[in-house]
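Coordinate inspection notes
As a plain string of letters, each chain reads:
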Amino acid sequence: MRWSVVIPALNEEARVGDAIWSAQQAGADEIIVVDGGSIDATRDVAEHAGAHVLSSKPGRAQQMNAGAVEAAGDALLFLHADTRLPIDALSAASAALTEGAVGGAFRLRFDEPTPVLRAYALATHIPWYRLAFGDRAHFCTRSAFDQIGGFPPIAAFEDLELVRHLRHAGHFAFVPLAVTTSARRFHRNGTLGQQARNLALWTRYLCGADPNRLAEAYRYDHARGD
């Protein structure tokens, strides 16, 4: 199985190199970084680390779809630029796909956990697709990705929509390995406050709110938190 790892990035010069390195260590055949208009050295860092770098309009859905179009692999993994794969991630994902899954996700841990973040990380042990956010490194077969039309063109919760569509296409696997993601937003905005905002937006999404309107609220809260 040939793996293409797609990394959407925007002003991630400090972290994208680690994400690329983790994909290399896990055995990726191809690593594509899709830059959404960074004004820092993200592109240079990614190229120096050995990734193929593309440009796209900003927005994770657009960036990941753009990377998937260029990807040569028959299996795709979407990795956030502030997240690292464990070394056996792709072998475990390959096993899940070989056993019949069309896609899947990993568990989660944080690089600087607090008690609240440890509890959140434990919640990712629950095999519930509504908790399979994009920082858990979604993967799928190329054929399944093409079948469902890729990520929907929405500004928020494109990750959960991808998972929902993959579940309709076949079995979605939960791999019992954890990726490691940055806790920077929680530390910057306050763990409880950030988690409360995330929970409020997620609840509104589950109740059917427009994801594009939710994205506006997320950007507003994020800007105030900075």
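Going by the structure above, here's the rest.
What this report covers is the structure whose coordinates are included nearby. Here the structure is a predicted model, which means the values were calculated and not measured.

About the criteria used
Residues numbered from 1 in each chain as written. Predicted model: local features only at pLDDT ≥ 70, side-chain atom pairs only at ≥ 80, totals over all residues. Heavy atoms only, no water. Buried < 20%, exposed > 50% of the residue type's maximum accessible area, 1.4 Å probe, protein only. Helix = DSSP H or I, 4+ residues; strand = E, 2+ residues; numbered from the N terminus. Arc of directions from axis to C-beta. Core = buried A, V, L, I, M, F, W, Y, C linked by side-chain atoms within 4.5 Å. Contact = heavy atoms within 4.5 Å. Pairing = 2+ DSSP bridges.

Okay, helix H5 (residues 115-123) next. Taken together, the buried positions of H5 are occupied by Leu117, Tyr120 and Ala121. The buried residues of H5 all sit within an arc of 100° when viewed along its axis, so they share a single face. Turned more than 90 degrees away from the buried face of H5 sit Pro115 and Leu122, all of them exposed.

This brings us to the nonpolar core. Ranked by internal contacts, the top residues of the largest apolar core, which has 44 residues, are Ile7, Val33, Leu77, Leu85, Phe106 and Phe139. Listed by contribution, the elements that provide at least two residues to this core are strand S1 (3-9), helix H1 (16-25), strand S2 (30-35), strand S4 (75-78), helix H4 (89-98), strand S6 (101-110), H5 and strand S8 (171-181). No other element matches the five residues that H4 contributes to this core. In this view, Ile7 contacts Val16, Ala19, Ile20, Ile31, Ile32, Val33, Val34, Leu79, His80 and Ala81; residues no more than four positions away in its chain are not counted. In terms of nonpolar packing, the next biggest core, distinct from the first, is built from 23 residues, Leu76, Phe78, Cys140 and Leu162 among them.

The next point concerns the pairing of strand S3 (residues 52-55). The sheet contact formed by S2 and S3 spans four bridges and is parallel. Along S3, the bridge assignment pairs Val33 with Val53.

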